Amino acid sequence: MITFFLVLLQSGNEYNGGAVVAMVGKDCVAIASDKRFGLELLTLATDFEKIFKMNDKCYIGLAGLATDVQTLSEELKLKCDLYKLREEREITPKKFAHLVSSTLYDHRWGPYFCEPCIAGLDENNKPFICSTDLIGCINFAKDFVVCGTTARELYGICESFWEPDLGPEELFEVISQSLLNAFDRDSKSGWGAVVHIITPEKIITRHLKTRQD
Amino acid sequence: MARRYDSRTTIFSPAGRLHQVEYAMEAISHAGTALGILTKEGIVLAAEKKVTSKLLESMSSNEKIYPLNENIACAVAGITSDANILVDYARRVALSYRKTYLENIPVEVFVQRICDVKQDYTQHGGLRPFGVSFIYAGYDEKFGFQLYHSDPSGNYSGWKANCIGANSPNAHSILKQEYKEDMTLKEAKSLAIKVLSKTMDSTTLGGEKLEFATLTKKNNQIKLNSYSSKEIDALLEEEKDVINNNEEN
Amino acid sequence: MEVLLGIQGKDFVLVASDALAITSIVAMKRNHNKTRKLNDNVLLMFSGEGGDSVQFCEFIQRNVQLNGIRRGYPLSTKAAANFTRVELAESLRSRHPYQVNLLIAGCDPDTGVPELYWMDYLASLKKLPFAVQGYGQYFCNSTMDRYYRPDMNLEEAKALMKKCINELKVRFIINFSDFVFQVVDKDGIKEIKLE
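Residues numbered from 1 in each chain as written. Chains lettered and ligands numbered in written order. Predicted model: local features only at pLDDT ≥ 70, side-chain atom pairs only at ≥ 80, totals over all residues. Heavy atoms only, no water.

1. Remarks on the pairing of strand β6 (residues 144-150) of chain B
All names here are of chain B.
Thinking step 1. Among the 7 residues that make up β6, 7 are buried, leaving the element largely enclosed by the rest of the structure.
Thinking step 2. In terms of strand pairing, strand β5 (residues 132-140) meets β6 through 7 bridges, oriented antiparallel. Bridge pairing in β6 places aspartate 140 opposite glycine 144.
Thinking step 3. Counted between consecutive antiparallel strands, the loop separating β5 from β6 contains 3 residues.
Thinking step 4. In terms of strand pairing, β6 meets strand β7 (residues 156-159) through 4 bridges, oriented antiparallel. Bridge assignment links serine 150 to a residue of β7, and that residue is tyrosine 156. (Buried < 20%, exposed > 50% of the residue type's maximum accessible area, 1.4 Å probe, protein only. Helix = DSSP H or I, 4+ residues; strand = E, 2+ residues; numbered from the N terminus. Pairing = 2+ DSSP bridges.)

Listed below in structure tokens is the structure:
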């Protein structure tokens with residue numbers, strides 16, 4: 001068991017691969033991920049979505065060990081649904097970020113090997129994004145957040161593509177181009193992508209066909 | 001004689017009765033009425049709010065009808081604080097079932113799980129039973145819309161229409177007379193209002209004294225529609241004839 | 001050193017499991033059953049640590065059956081697969097996690113929709129049109145990629161399965177003398193011969 005955790009601590013985040021990115025626009029946010037599911041360098045499926053809807057104005061993207069992505073997403077969904085039933089309102093992204101943080105920290109000494117990116121609009125429709133590390137340290141950001149095996153590549157390209165006050169369509173273009181070009185340099189992610197643009201009125205979801213190699 | 005067997009929930013009296021459980025049921029028969037009517041199109045839940053004062057600040061919108069899960073809601077009669085504990089437990093049960101199986105909990109399994117807890121408190125010593133009865137309205141893929149009733153002893157049963165709380169024997173006989181297998185949801189709504197108008201103590205029905213909800217299925221989605229007090233007033237206006245007829249009788 | 005294969009056709013799932021029980025370098029047995037029926041229409045196939053896999057799968061089998069009795073009708077493939085995942089994920093964080101890799105094949109008895117799930121010892125669950133578990137992955141995935149179609153009938157699926165088994169015979173160092181082939185469709189689970 002101890003060996004299992006040592007192996008995972010070194011490579012848990014890199015075993016299945018994946019890329020998630022979230023960006024702030026003008027009165028909107030975008031979150032996107034790749035769709036690959038693999039075991040190290042062997043690709044098994046190309047329809048594995050890593051972005052989960054918590055409510056109409058709050059999404060979370062989880063990159064890392066697939067089993068923990070699944071466990072954590074289901075646990076968070078349960079907590080959001082319970083919040084909604086008890087409080088009779090939807091959870092806001094900022095509150096949700098703290099919920100994610102404390103959920104991750106609950107497992108401080110046997111962590112879930114995945115890093116979340118959270119994107120949403122708060123009760124006044126103000127954009128909110130953040131990411132956390134695998135034990136729940138929150139990183140608030142005003143521009144973009146990235147995670148997964150493609151994080152390094154994403155940082156560079158988002159840094160040069162992103163600019164303030166992008167509208168929904170421009171934001172879609174920027175986030176798609178950033179993600180596509182970043183994961184082309186990463187053999188553990190890619191094989192199609194999905195982009196969600198969250199605006200006060202509606203959610204635009206688009207699936208992108210990309211290089212299949 | 002009865003005294004010796006009164007104070008303990010877990011001890012049968014020589015007559016073979018559990019007094020505390022019976023007292024709990026008695027408590028419920030003083031609580032605000034709650035009723036449910038099952039139709040092919042969906043389920044109607046309605047309840048009477050007992051305490052109404054202009055000074056009372058309503059904390060949450062509902063105190064008698066609670067959503068429990070995507071596919072289940074319940075109406076409560078009895079001690080509200082006891083109900084809150086069970087409602088919270090019920091929500092956890094339903095959500096963790098969905099987390100494990102990625103599908104909604106079948107209604108009867110759900111009702112059984114709550115009744116297991118209720119039963120527990122009639123058998124394990126030192127505690128009093130839950131002073132609540134529930135009417136559950138639920139939907140699942142296999143058995144469609146279902147209406148259940150559970151009491152403090154942990155017994156549960158399926159119904160086409162049922163009523164709990166004050167004046168429930170009265171309400172029962174009206175439901176028995178007027179319930180029809182092929183009722184529409186609209187007919188069920190007016191039957192619910194008729195029953196309430198006949199059984200409630202107050203002379204005039206109003207949005208602030210009632211809670212009303214329907215559970216229906218649209219485009220494969222189960223929807224619980226809780227009426228606001230304005231919507232209830234509008235509904236009462238629509239059903240004016242039903243209420244007036246009652247008064248003449 | 002074990003191989004499990006599954007192909008989902010248009011209204012069935014064809015699965016194959018090797019029948020070899022291995023301890024160290026010794027073949028202990030050549031008729032080892034590596035499958036368990038979860039209910040009439042869902043089959044669980046396992047490979048991995050000997051004791052772990054049988055113990056875990058029988059635990060799952062009994063619990064899925066218990067749940068079926070409790071609610072009065074059997075669990076769907078998706079529900080059974082996800083229940084298995086939750087149990088394995090929980091064990092993963094315990095002191096002694098089960099070392100077991102699984103395929104779950106099922107077919108809805110009412111709608112006839114077939115489903116095939118792949119799950120590794122880390123409890124990552126994925127629904128796939130065709131799946132291989134064990135070293136066979138490195139030999140058979142490409143063959144299946146090339147010849148698989150979602151609307152295959154049973155004969156075509158059998159032919160594809162034969163191609164995969166052949167590939168293993170030619171390239172894999174282990175000689176699996178026997179495979180057990182089963183078909184899961186809306187009428188239930190039955191063993192078949194490939195010839």
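2. Considering helix α4 (residues 154-171) of chain C
All names here are of chain C.
Thinking step 1. Spanning 18 residues, α4 covers 26 Å between terminal C-alpha atoms, matching the ideal 26 Å at 1.5 Å per step.
Thinking step 2. Along α4, the positions that sit buried rather than exposed are Ala157, Lys158, Leu160, Met161, Cys164, Ile165 and Leu168. Each buried residue of α4 sits inside an arc of 165° when the element is viewed along its axis, so together they form one side. In α4, those exposed residues whose orientation departs by more than 90 degrees from the buried face are Glu155, Lys169, Val170 and Arg171. (Expected span 1.5 Å × (residues − 1). Arc of directions from axis to C-beta.)

3. Digging into the confidence of the model for chain B
Thinking step 1. For chain B, per-residue confidence averages 89 on the pLDDT scale, and 91% of positions sit at 70 or higher.
Thinking step 2. Prediction confidence for the complex, expressed as pTM and ipTM, is 0.93 and 0.92 respectively. (pLDDT = per-residue confidence, 0-100.)

4. Remarks on the sheet that holds strand β10 (residues 144-148) of chain A
All names here are of chain A.
Thinking step 1. Strands sit in the order β10-β1-β2-β11-β12 across an open sheet of 5 strands; the sheet is antiparallel. Strands at the two margins of the open sheet, each flanked by one partner only, are β10 and β12 (203-208). The mean angle between the axes of side-by-side strands here comes to 10°, regardless of whether they run parallel or antiparallel.
Thinking step 2. Most of the contacts of helix α4 (residues 151-161) go to β10, to which it runs at about 160°, and overall it touches β1 (19-24) and β10. (Axes fitted to C-alpha atoms, helices over the stretch in contact; angles between N-to-C directions. Contact = heavy atoms within 4.5 Å.)

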